[in-house]
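# Fold and geometry: a report
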Amino acid sequence: MIADSTQERIPRYRGVSYARPIDAAKQAVPIVDLADRLCGPGGLRRVGKEWAGRCPLSDHEDRTPSFTVNAEKNVFFCHGCLRGGDVVELARLVWGHDERDAHVAAAYLLMEFGFEVPQQPPAWFRKQERQHHTRAAIEETRRNIVRRRLFRHLILPLLDTIEDEQEREQELRRAWYEFKRVAA
Ligand SMILES: [Zn+2]
């Protein structure tokens with residue numbers, strides 16, 4: 001079986017302290033080892049130069065072995081869902097990370113196979129942090145718009161039925177306060 005190949009390959013990897021996790025993971029983890037782990041014992045079998053098995057991607061219900069791994073080229077390709085790529089791409093798809101979070105999948109992949117995750121230069125973390133704040137702000141704005149539109153469509157028509165102006169104002173404030181908490 002190919003399960004032992006990780007052990008043989010460990011000495012070949014020399015951690016580069018400032019290498020990106022993606023490069024490090026590609027260098028350190030052979031795709032057959034990840035595929036072997038994902039497909040389970042006996043899940044992969046040799047077909048010519050490649051390994052074949054049922055696709056391990058959760059959104060592909062593979063009844064035939066459409067998933068192939070080329071150990072020599074260190075890539076995979078699924079003839080059923082037409083996805084393919086290197087070891088990091090496989091990890092990313094399997095663990096459901098967004099494309100822009102490929103480095104996170106790479107870091108998990110390194111940890112999963114017992115390698116150290118390379119350190120990133122401080123500037124990289126600052127950039128991640130800034131992007132995180134921007135994304136959070138966009139997300140919050142989007143949520144607020146949805147919330148206001150829902151409130152207008154679902155709640156305001158009910159308040160319109162209150163004839164007393166003061167009571168309506170009061171009810172409006174209370175409703176918005178409650179709505180913001182529920183529709184967070
Ligand atoms: Zn597939």
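Residues numbered from 1 in each chain as written. Predicted model: local features only at pLDDT ≥ 70, side-chain atom pairs only at ≥ 80, totals over all residues. Heavy atoms only, no water.

## Quick word on the coordination of the zinc ion
- Coordination sphere of the zinc ion, protein contribution only: C55 (SG), H60 (ND1), C78 (SG) and C81 (SG), at 2.1 to 2.3 Å.
- With four donor atoms in place around the zinc ion and angles of 99 to 125° between them, the coordination shape is tetrahedral.
- Mapping the donors of the zinc ion onto the primary sequence gives the spacing C-x4-H-x17-C-x2-C. Across this residue pair, the class does not change: C55 and H60 are buried. (Donors = N, O, S within 2.8 Å, 3.2 Å for Na, K, Ca; no water. Tetrahedral: all angles 85-135°; square planar, octahedral: opposite > 155°, others 65-115°. Buried < 20%, exposed > 50% of the residue type's maximum accessible area, 1.4 Å probe, protein only.)

## What to know about the environment of G43
- Its location among the elements puts G43 in the loop between α3 (31-39) and β1 (45-47).
- Along the sequence, G43 and P56 sit 13 residues apart, while their C-alpha atoms lie 9.7 Å from each other.
- Those residues in contact with G43, other than ones at most four positions away along the chain, are A52, G53 and R54. (Helix = DSSP H or I, 4+ residues; strand = E, 2+ residues; numbered from the N terminus. Contact = heavy atoms within 4.5 Å.)

## A short note on the pattern of salt bridges
- If you walk through the whole model with that rule in mind, you get seven salt bridges.
- Of the charged contacts, one joins K26 and D86 as a salt bridge, the two residues approaching to 3.3 Å between their closest N and O atoms. Note that K26 is positioned in helix α2 (residues 21-28) and D86 in the loop between β5 (84-85) and α4 (87-95), a separation of 60 residues in sequence.
- On the accessibility criterion, D86 (23% relative accessible area) is partly exposed.
- Here R63 and E61 are joined by a salt bridge, their closest N and O atoms 3.2 Å apart. (Salt bridge = Lys/Arg side-chain N within 4 Å of Asp/Glu carboxyl O.)

## With respect to the sheet that holds strand β3 (residues 67-70)
- Overall, antiparallel pairing links the five strands, which are arranged β1-β2-β3-β4-β5 in an open sheet. In this open sheet, the two edge strands, each paired with only one partner strand, are β1 and β5.
- Where strand β2 (residues 50-53) and β3 come together, three bridges link them in antiparallel fashion. Bridging across to β3, A52 finds its partner in T68.
- Strand contacts of α3: β2, β3, β4 (75-78) and β5, with the helix running at about 150° to β3, the strand carrying the most contacts. (Pairing = 2+ DSSP bridges. Axes fitted to C-alpha atoms, helices over the stretch in contact; angles between N-to-C directions.)

## Re the pairing of β2
- Examined bridge by bridge, β1 and β2 share three bridges and lie antiparallel to one another. Counted as the bridge partner of R45 is A52 from β2.
- Counting the residues that bridge the hairpin from β1 to β2 gives two residues, and of these G48 lies at a positive phi of roughly 60°.

## Looking at helix α8 (residues 165-182)
- Between its first and last C-alpha, α8 extends 25 Å over 18 residues, near the 26 Å set by a 1.5 Å rise per residue.
- Measuring from the backbone nitrogen of Q166 back to the side-chain oxygen at the start of α8 gives 3.2 Å, which picks out D164 as the cap. (Expected span 1.5 Å × (residues − 1). Polar contact = N/O pair within 3.5 Å; in protein donor to acceptor, adjacent residues only side chain to side chain.)

## Section: the state of the cysteines
- Enumeration according to the criterion identifies zero disulfides in this entry.
- Free cysteine: C39, not disulfide-bonded; nearest cysteine sulfur from C55 at 8.0 Å. (Disulfide = S-S within 2.5 Å.)

## Digging into helix α5 (residues 102-112)
- Among all positions in α5, only A102, H103, A105, A106, A107, L109 and L110 are buried.
- The first or second residue beyond α5 is G114, which carries a positive phi of 75°.

Just geometry here; none of it tells us what the structure is for.
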